[in-house]
Amino acid sequence: MGSRCPLVGMEVPIVGSDSVKWIDVSVPDSSSMGLISNVDVHDSSTICAPLDDDFASFAAIGDPSTYLIWRIHKSLPNALELLELNADKEFPRVSLRINFPDGLSPHAFVCKNEVVYNSKSHPYLLYALTVYGMAYLLRLKNISAYKSCGVLPLEDIVREFDIRSYGPITSAAGMPSGCLVVGRNDGSVGCFQLGTFEPGSPGFLQELRDDSGMNRLWGFIARGRIVEPVQDLTVSKVHGIQLLFVLHSDGTLRVWDLSSHSKVFSQNVNVPTLADPGAALLRLWVGEADHDSGMVPLAILCGHTSDISSETVYLYSLHCSLGDRIILLLDSSAQTIPLVEGGCIDVKLTSDKIWILKDNAFSPSLFHTNINGEVEETRYYALHDEFVADQLFQQLFPSDENSSDDLLWMTQSIFSSTKDHVLRVLSSIFLRRLLHPGVYHNVALRATFLDYNRHWTDSDFQSLTADGLKKEILSLIEDEGINENLMSINCAWKNLCAHYFSNWRKSNLPCGLFVDSTSGSVGVIRKSSVSVFRCLEDVEQLLDGSCDPASFGLSDNKHEYEVLVDLLRCVIDISQQLGKTASALFYESLVSRSVLPSEEIVPRILKILETGCSSTVATLNISEFGTQLAWEKKLADHKTLRKFSIDMLLSLHALREKASTWNRVLNVVENYLKFLVPQKIIQNLDADPLLNMNASSLVQATSQIAKAMFESALDILLFLSYLVNNGGQIHLFPGDISKIQLELIPIVQEIISEWLIIHFFATTPSESAAIEDFSSQLSLLHIDSNAGKRSWNEKLGKCDFPLAFIFLSNTQSSFGDQYLHSRYLPNMHDIIILVRNFGSWIIWGRTGDSTTFLSHSTELALILLRHGQYDAVETLLGMVEAYLQKEKTLETIQDTDGRWCILHHLLGCCLLAQAQRGLHGMLKERKVSEAVQCFFRASSVNEGAQALQSLPPEAGLPHLGFNGNFSGSVWKLHYYQWAMQIFEQYNISEGACQFALAALEQVEETLSTKHEQDGKDPFDETTTTIKGRLWANVFKFTLDLNHFYDAYCAIISNPDEESKYICLRRFINVLYECSAMKILCGGQLPFIGLIDKVEQELAWKAERSDILAKPNVYKLLYAFEMHRHNWRKAATYIYQYSTRLRTEAALRDYQSSSLDLQERLNGLSAAINALHLAHPAYAWIDPLPERPVHEEHYPSKKAKQTEEEEQVDTVFQPLKSQCIDIEKIENEYVLTSAEYLLTLAQVKWKFGGVHDKLPDLVDYLVESDYFDMAFTVVLRFFKGSNLKRELERVFCAMSLKCCPNKIESSWAGDDRQKHALLLTSSKDEVVVHGSPDRGSIPQSNGNGQWATLELYLEKYKGFHARLPLIVAETLLRTDPQIELPLWLVNMFKDGLSERTWRMTGQESNPTLLFQLYVDYGRYTEATNLLLEYIESYASVRPVDVINRKKPFAVWFPYTAIQRLWCQLEELIRLGHMTDQCQKLKRLLHGALVNHLGLVKVDSEDASAAV
């Protein structure tokens, strides 16, 4: 990538430097504060040149150094950002931003405060110069001491001075003593003592000029220009003397002694290119003096105003000697360093090196050259831009290929199963790389979200965890991938990465260098981040082509080194042919369970290498490019593949010829692999945990090196696999193939696994702290929590806090103590040492005695478990297990070492915790299932007990409580019980049940085993007790899972009777709560000796449960007994249900609802039906016991009795000897039905148990038109004369309903009916007639009432023959003018049958009707009735004459006839209806004369017959 070789270092971003929260502090405006008068501070004329680019610089203050970095952004020129860094502390999350009234020039300086007053509380001085000529001197506290105060306190503003009157300023510098040195465009230099003198006082301004002894102020005496304008100036301490180096635009360099204000050196540096047109001197840098040689390095930047790419740095040496005065001598030779294809950003000088940061056309770069050395000794450093571009598949240089499409094609070729699978792999790869530490950048990502119109506040965005960011990024892709096909989704990812990379580069432009000569550390200050540099590892340099053969022990064997170089060239060719995507897919297969195993990935990658992509890729190409372009691309790809195959074949043959045999090549590979293995280094065990800037550099550097090593090992694996696949073409012998497959490939796989683990820890974000309980939520509210824990929880889950920081923070862990705990930033070599130490600790542990990674993975897993990193533990142990399976050491480890047990035990704990942390559905079930498998695997290891006892308490396993050599069954029994408790603790009943059943299998064998030494049982419990406890647990767990049949099986399997009955009661309660009591009543369960107990428990629960609860236990008992054909018990329980409904309704003191009454009716009906099924001799139930008051579920207004009072009452209460038969229940059913109907009619009535209340009930029913129920009550509860009386009352009431113009009357003498409102006799009976509520009851029309009366009179006149008379009398009494219906008159006439010759008959005969007519003035009807019967008598048929002539055969109501005659005469006498009455009288007279004559004849005939 370019011509920047040899490459010796790489940029390492400091994690967290991109996520700084700024505290804004404003400097007050001098004009508004009245500090400066008579000066126009807003004059538009500029005194200092404004910013051309973002500016940054640094200062190292104190020992150990505190690094102060300040930045001024071109986009925000009036603000200065200030960061305070300490190597032994974390990168500050909060820093200071000082806002000035006007834009700043690049002449800003921060230095140590050597002004006398308050130097301890304000250790720093800040010089700032605005473009309008306002000079500020501020004293600053430690940055951490600042809060959001808004305005800088006035006492912190040491001086604010206007220097515009002194002319345009070209350069400036500040000193710790409070002196500001400025250079003007007229070549003069002035020193303003801002920190010690007041403006205008003697000594405030010192002018540095040749005649400085005159000590005159500027402008007072006119003079001509002596020197050219000052181009740049800088202050440097040389041998303890403060020297001012001033570079003038004509190339003159002047040096002034600031202590005496005298010039000590003046000479033209003779820049070769200065004479060229357009050439100009730009900057001056002065390095540190070499105390041995006395040489001071100088660097001058020269450039052309028209061409920035032609800048050149000239390096000079200034020799210094001390005597009575300092003597400086410029070396005549100068070193020229041309800056090709880019401009200079910053230069830093040390005593032996010059560091140059330049901006190329495509990417910035850093290199250094030895002072007084050759240009060929220049060494380059890779900036982070290349790393980010590589991670995101972006093109940084024109020669780069866009590999994002290659990722899709290769993924499609490898995972050709389903589109969803390919999309998951693509998304996982892009997400993992976007959030990779070093790639993830807070500012860039937020800017990318803004590009997609996603807006957040600062606090909301800062609070997003890695998981939250993943969700937001995926939502962007889902919104962009409209077509939801592979090409559109891949295009969405490409666009997102392109946007992000563009924003990353904009927000990370290099602004300056910092070089700490004390520690040797070198770094770059970017626009919104800070980085340091590290050296390359030997393998990295070898792959880059700049490694010394001695580093690999090949200095004496150049031939073997050449073989290695050619071999690596072949490896690199394979890697370049596959591109960047092969390693990404292989890495994903190792860390993600949703991808194919790595063993299947490698053969598929090789197939692509040999035959190209699959046919599905061609389809994608057609959809993207069209048929023609896709065909051309296919031909081009095929041509490239053929060229690669031929070139590779030739290269392999050449490699074999150079090495003579393949065995020697394989030996070189084997030797090379030794340098890829993580080194074993013994660690210091006494260091304290820490998280500082050195640790941040370590983590990021570790990720870079681990990535390089992982990819190098993968390239070797692909190379070796390629050799095996093409062994016939390159003459590879079977022995060589065996060596590759059995020796080299396992070694490579082990190396890959080790670096994979290291890279995984250095790049994977930690999990957020779990929020599971109220105390955890309180900690988030900063209540009852320490600041350290809050800070730790805030870091967890963030992208810039990978898992490696958890290891670094762990107690008693140190990785290179003298470097990591240093109070200085590490130099380039120190970072490499730190990485080696850290990698060694991860793989081999502190002592390096581990022979396999498994032994130390346990310690790593425990640390992660302690901090709740369950996903990381699962991935770690999964990779370890996969590695061990590849090594085929599973059987050996399982037989001889308890570490295999520990591995699965910890993995099980991890999976169990994951299942508990918010997972649901199938994912949770899978985690639980895998956890169960892991615990069972752990229990299968014979030495597992001793191994697990060595785990610390945080592993989750309590101490077993015994020591010694027990059998495997004892160990398994205890372990299964522990696992059961753990699953129960997490409310995972399914897993707990499995281990409870597994423990039951071990009980017999365990308790039959005696200890070999002391001869006692390993447990102090009997077999029955242990089994009872375990079966009870099985019951509990199956019940929690709603596996009711299995739960009941656990009950009947329990040998402990007490435990069995407790479980049975719980079983019934749960069935009741879950509405699953049908299981008990449906005959599905085998009640082996538990029938009575089940019934007892149900009855107990029924008596103590709410009678209104659903399902109702009494009904369940009824069904239970009916299923067993216990009819009487069934009737008893359902009758108890109905009785409790009635009694508790009375206790609740409110009217029963229709639903309650319907329930009572159903219960009574069920009881009646059940008793009908029983034998008639046993169709009864026992009297119900009285329920004590304290068992009632509802409060009563009546005073409750104490238990003692109840006992006394019970003693004196007579026992009820009468049983409850069907008749009694039927009677109650009738009364309840009546009450139910009245409730529907909204008539309130309660039967108090007094028989005298029944007539009232009948009245209410009749009034509500419930005639059937009224007659049912009358016929059931009244007999004899009472029955007739009640029937008369009912029909009397029914008759009144038929009278449209009825008058107030009583019901057969009942005075209560004279009033609409019938008063009640007790508070329990409230009956309303004619109330407004009655309007809601539907009334039948008049015809309907007559029909109803006819129907019921016809039906019930057989019970009482006088009922028609009662009805007729009631009607006539109510309305004397009413016309009696024909059907009623016919009931009196008895149908006028042929045998009706007289007016006698039943109790309702024509005579009574005739009398009624006479009594109520219905003379016409009476006369007509009489005439009808007289005519009937006279017109008898001949056949019946003989019967008519019998004695006593004829009788007429002569007395009533006489009354009728008298009434007619009276009316005639009074003159009322005279004509009608006379007519009736004549008719009556004629009929009677004829009748009496006929009677006389019949009488004579009868006498003669005698």
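Chains are numbered independently. Their residues run from 1 in the order of the written sequence. Local features in a predicted model are, by the rule used here, given only for residues with pLDDT of at least 70; side-chain atom pairs are given and counted only at 80 or more, and totals for whole chains, interfaces and linings are based on all residues. Neither water nor hydrogens contribute to the side-chain values; these are computed over all heavy atoms in the structure.

Once that is clear, we can look at the overall build of the protein. A run of H or I in DSSP becomes a helix once it reaches four residues, and a run of E becomes a strand once it reaches two; helices and strands are each numbered from the N terminus. Within the protein, the secondary structure is distributed over 51 helices and 33 strands. Here's how the labels work: a residue is buried when its accessible area is under 20% of the maximum for its type, exposed when over 50%, partly exposed in between, all with a 1.4 Å probe on protein chains only. Looking at the 1506 residues of the protein, the share that counts as buried comes to 53%. We call two residues in contact when some of their heavy atoms are within 4.5 Å. In the protein, 65% of the contacts between residues at least 6 apart in sequence involve partners at least 24 apart. Put simply, the protein shows about 67700 Å² of open surface, and 52% of that area lies on carbon and sulfur atoms. In these tables, accessible area is a Shrake-Rupley quantity obtained with a 1.4 Å probe, and a residue counts as shielded only by the protein chains included in the view.

Below, the discussion takes up empty space enclosed by the protein. Cavities and pockets are defined on a 1 Å grid built over the protein atoms alone: a cavity is a set of grid points where a 1.4 Å probe fits but cannot escape, while a pocket is an open set with protein on both sides within 12 Å along at least five of seven lines, and lining residues are those with an atom within 4 Å of any such point. Grid points are joined across faces, edges and corners, and a volume is the space filled by probe spheres set on the points. For the structure shown, the criterion picks out five cavities of 30 Å³ or more. Taken as a whole, the largest cavity encloses approximately 170 Å³ of empty space. Taken together, 12 residues line the second largest cavity, and the ones lying closest to its centre are Val15, Glu90, Arg93, Ser696 and Phe805. All residues other than Ala, Val, Leu, Ile, Met, Phe, Trp, Tyr, Cys, Pro, Asp, Glu, Lys and Arg, Gly among them, are scored as polar; the first ten of these are nonpolar and the last four charged. In terms of residue class, the lining of the second largest cavity is built from five nonpolar, three polar and four charged.

Ring geometry is summarised as follows: Phe, Tyr and Trp rings, the Trp one being its six-membered ring, pair when their centres sit within 6.5 Å, and such pairs are stacked at plane angles under 30 degrees, edge-to-face over 60 and tilted between the two. This structure, assessed with the given rule, holds 41 aromatic pairs. Plain terms: the ring middles of Phe1271 and Tyr1352 are 5.1 Å apart, the flat faces sit at 25 degrees to each other, and that makes the pair stacked. Taken together, the positions of Phe1271 in helix α42 (residues 1267–1277) and Tyr1352 in helix α44 (residues 1342–1356) put the pair 81 residues apart, joining distant regions of the chain. Taken together, the ring pairs in this structure connect Phe935, Phe936, Trp971, Tyr975, Tyr976, Trp978, Phe983 and Phe995 into an aromatic cluster. The ring of Trp844 carries the charged tip of Lys680 above its face, separated from the ring centre by 4.6 Å. Look at NZ for Lys and CZ for Arg. If either is within 6 Å of the ring centre and within 35 degrees of the ring normal, a charge sits over the ring. If you follow Arg1128 out to its NZ or CZ, it ends over the ring of Trp1180, 3.9 Å from the centre.

Glancing now at unusual backbone geometry. A positive phi angle, near 50 degrees, is found at His239, a position not held by glycine. Positioned with a positive phi, Gln1242 is a non-glycine residue whose angle comes to about 65 degrees.

Moving on, we get to the sheet that holds strand β18 (residues 252–257). In spatial order, the strands read β16-β17-β18-β19; together these four strands make up an open sheet with antiparallel pairing. Only two strands of the sheet have a single neighbouring strand rather than two, namely β16 (230–238) and β19 (262–268). Ignoring which end each strand starts from, the neighbouring axes of this sheet average 20 degrees apart. Here six bridges tie β18 to β19, and the two strands are oriented antiparallel to one another. When the sheet's bridge partners are listed, Val255 is paired in β19 with Phe265. Only strands that DSSP links by at least two bridges are regarded as paired with each other. A fitted line through C-alpha atoms serves as each axis, taken over the contacting stretch for helices, and the angle formed by two N-to-C directions is quoted from 0 to 180°.

Most of strand β6 (residues 94–99) sits out of view: five of its six residues are buried. Pairing geometry for strand β2 (residues 21–26) and β6, over six bridges, is parallel. Residue Trp22 lies in a different strand from β6, and its bridge partner there is Ser95. Bridge count for strand β5 (residues 76–86) against β6 is four bridges, and the pairing is antiparallel. For Ala79, the partnering residue across the bridge sits in β6 and is Asn99.

Looking now at the pattern of salt bridges. For salt bridges, the criterion is a side-chain nitrogen of Lys or Arg within 4 Å of an Asp or Glu carboxyl oxygen. Evaluated as defined, the whole model comprises 52 salt bridges. One salt bridge connects Asp566 with Lys658, and the closest N-O pair in it is separated by 2.4 Å. Highlighted residues: Asp566 in helix α10 (residues 558–578) and Lys658 in helix α14 (residues 627–659), separated in sequence by 92 residues. Of the residues examined, Asp566 reaches a relative accessible area of 16% and is grouped as buried.

What follows is about the sheet that holds strand β31 (residues 530–535). Across the sheet, which stays open at both edges, the eight strands sit in the order β25-β26-β27-β28-β1-β31-β30-β29 with mixed pairing between neighbours. The open sheet terminates on both sides in strands that have one partner only, identified here as β25 (342–349) and β29 (510–516). Direction aside, neighbouring strands of the sheet carry axes that sit 30 degrees apart on average. Pairing of strand β30 (residues 521–526) with β31, which is carried by three bridges, proceeds in the antiparallel orientation. In the strand pairing of β31, Val524 is matched with Ser531. Sheet contacts for helix α22 (residues 828–844): β26 (353–360), β28 (379–382), β30 and β31; angle to β31, the most-contacted strand, approximately 80 degrees.

Here the focus is the confidence of the model for the protein. Scored from 0 to 100, pLDDT records how confident the predictor is in each individual residue. Overall, the prediction assigns the protein a mean pLDDT of 79, with 80% of residues at 70 or greater. Counted against residues more than four places away or in other chains, residues 34–39, with its pLDDT under 50, gives seven contacts. Counting contacts from residues 212–224, a segment whose pLDDT is below 50, to residues more than four positions away or on other chains yields 20 contacts.

The subject of this paragraph is the nonpolar core. Among buried residues, those of type Ala, Val, Leu, Ile, Met, Phe, Trp, Tyr and Cys that are joined through side-chain atoms within 4.5 Å constitute a nonpolar core. Ranked by internal contacts, the top residues of the largest apolar core, which has 285 residues, are Phe719, Leu720, Phe761, Phe983, Phe1067 and Leu1080. Looking at which element gives the most residues to this core, the answer is helix α16 (residues 693–725), with 19 residues. Excluding residues within four positions of it along the chain, Phe719 makes contact with Leu567, Cys570, Val571, Ile574, Leu652 and Leu655. Phe1277, Ala1293, Cys1299 and Leu1467 belong to the second-largest nonpolar core, a separate cluster that totals 76 residues.

Helix α47 (residues 1406–1415) sits mainly inside the fold: eight of its 10 residues count as buried. Among the residues of α47, Pro1406, Thr1407, Leu1408, Leu1409, Phe1410, Leu1412, Tyr1413 and Val1414 are the ones counted as buried. The inward-facing, buried residues of α47 contact α45 (1363–1374), α46 (1382–1389), α48 (1419–1434) and α50 (1454–1470). Looking at the residues trailing α47, positive phi occurs at Gly1417, about 70 degrees.

What follows concerns helix α38 (residues 1154–1173). To estimate the expected span of a helix, count its residues, drop one, and scale the result by 1.5 Å. Taking 1.5 Å per residue, 20 residues should reach 28 Å; α38 reaches 29 Å between its end C-alpha atoms and fits that length. Residues Asp1156, Leu1157, Arg1160, Leu1161, Gly1163, Leu1164, Ala1166, Ala1167, Ile1168, Ala1170 and Leu1171 constitute the buried set of α38. Buried residues along α38 sit against α36 (1113–1123), α37 (1127–1147), β32 (1180–1181) and α40 (1222–1240).

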